[in-house]
Amino acid sequence: MTLPPYAEMLGITLEPRDGGAPVLVMPFAADVLGRPGFLHGGAIAGLLEVAAIVSLRHALAEEGGGRIKPVNVTVDFMRGGRDKPTHAEGIVTRLGTRVANVEAIAWQDDRAKPIAHARMNYLIARD
């Protein structure tokens, strides 16, 4: 799976998993720096959006493919992202005929202590 140019600019890489959508990893770097020592909120939101898209494309590929268009994105920031790698995972909570609901979670050291969470809705045009 190829990532969009924005994901490449953030330095995001994929960690494949057996049978599921990959986990995304974003390294801490000058390109994602907000205030000193912390991630920029826009970089975290971008990571969550890419994680949602990757998981939705993975789910659609299993059903024959399709195109997606975002309807809305809501991001909850829970704690500051520090100067270490950040992981993210998208979870498709509903994959309907024309609409999909996806959640995404970002964490650093412990998945049980997320730094941010997002909910997104997409329109689907199936192939």
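Just so it is clear, the structure is predicted and the values come from calculations on it, not from any experiment.

Q: Quick one: what's the story with the overall build of the protein chain, residue by residue and with numbers?
A: Scanning the protein chain from N- to C-terminus turns up two helices and six strands. Compactness check: the protein chain gives a C-alpha radius of gyration of 14 Å against a globular reference of 14 Å for 127 residues, within 12% of the reference. Referenced to the eigenvectors of the C-alpha coordinate spread, the extents of the protein chain come out at roughly 45 × 25 × 25 Å. Put simply, 62% of the contacts in the protein chain that link residues at least 6 apart link residues at least 24 apart. A total accessible area of about 6,800 Å² is found for the protein chain, and carbon and sulfur atoms account for 52% of it. Positive and negative charge centroids in the protein chain, built from 14 and 14 side chains respectively, lie 7 Å apart.

Q: So what about the confidence of the model for the protein chain? Which residues, and what values?
A: Within the protein chain, residue pLDDT values average 93, and 100% of them lie at 70 or more. Looking across the protein chain, the model is least confident in helix 1 (residues 5-10), with a mean pLDDT of 91, and most confident in strand 5 (residues 99-107), with 98.

Q: Can you break down the pattern of salt bridges residue by residue, with the values?
A: Inspection of the entire model under this criterion finds six salt bridges. Glutamate 89 serves as the salt-bridge partner of arginine 17, at 2.9 Å between the closest nitrogen and oxygen. Pair noted here: arginine 17 is in the loop between strand 1 (13-15) and strand 2 (23-26) and glutamate 89 is in strand 4 (residues 86-95), with a separation of 72 residues, a long-range link. Look at glutamate 89 and you get buried, because its relative accessible area is 9%. In this structure, arginine 111 and glutamate 89 form a salt bridge, with 2.6 Å as the shortest nitrogen-oxygen distance. Residue arginine 111 is found in the loop between strand 5 and strand 6 (116-126), and its partner glutamate 89 is found in strand 4; the two are separated by 22 residues along the sequence. Take arginine 111: its relative accessible area is 37%, and that puts it in the partly exposed class. Several salt bridges share partner residues, and in doing so they unite Arg17, Glu89 and Arg111 into one network.

Q: Now, about the nonpolar core: what can you tell me, with residues and values included?
A: Counting 29 residues, the largest nonpolar core has Ile12, Leu24, Met26, Leu48, Val50 and Met120 as its most contacted members. Contributions of two or more residues to this core are made by helix 1, strand 2, helix 2 (41-61), strand 5 and strand 6. Among the elements that line this core, the one with the most residues is helix 2, at 10 residues. Every residue in contact with methionine 120, bar those within four places of it in the chain, is listed here: Leu48, Glu49, Ala52, Asn72, Val73, Ala100, Asn101, Val102 and Ala104.

The rules behind the values
Counting restarts for each chain, with residues numbered from 1 along the sequence as it is written. Side-chain atom pairs in this predicted model are given and counted only at pLDDT of 80 or more, local residue features only at pLDDT of at least 70, and totals for whole chains, interfaces and linings cover all residues. Hydrogens and water molecules were not included; the side-chain quantities draw on all heavy atoms of the structure. Helix and strand definitions here come from DSSP, where helices need a minimum of 4 consecutive H or I residues and strands a minimum of 2 consecutive E residues; each element is numbered from the N-terminal end. Radius of gyration: over C-alpha atoms. The globule rule applied is 2.2 Å multiplied by the number of residues raised to the 0.38 power. Residue contacts are counted whenever heavy atoms from the two residues lie within 4.5 Å of one another. Surface accessibility follows the Shrake-Rupley procedure with a 1.4 Å probe radius. Residue values consider only the protein chains on display as shielding. As used throughout, the charge tally considers Lys and Arg to be positive and Asp and Glu to be negative, leaving His and the chain termini uncounted. Working definition for charges: the position is that of NZ of Lys, CZ of Arg, CG of Asp or CD of Glu. A score from 0 to 100, pLDDT tells how confident the predictor is in each residue. Salt bridges are defined by distance alone: a side-chain nitrogen of Lys or Arg within 4 Å of a carboxyl oxygen of Asp or Glu. Burial classes: relative accessible area under 20% of the type maximum marks a residue as buried, over 50% as exposed, and values in between as partly exposed (1.4 Å probe, protein chains only). Here the nonpolar core consists of buried residues drawn from Ala, Val, Leu, Ile, Met, Phe, Trp, Tyr and Cys, with membership extended through side-chain atoms lying within 4.5 Å.

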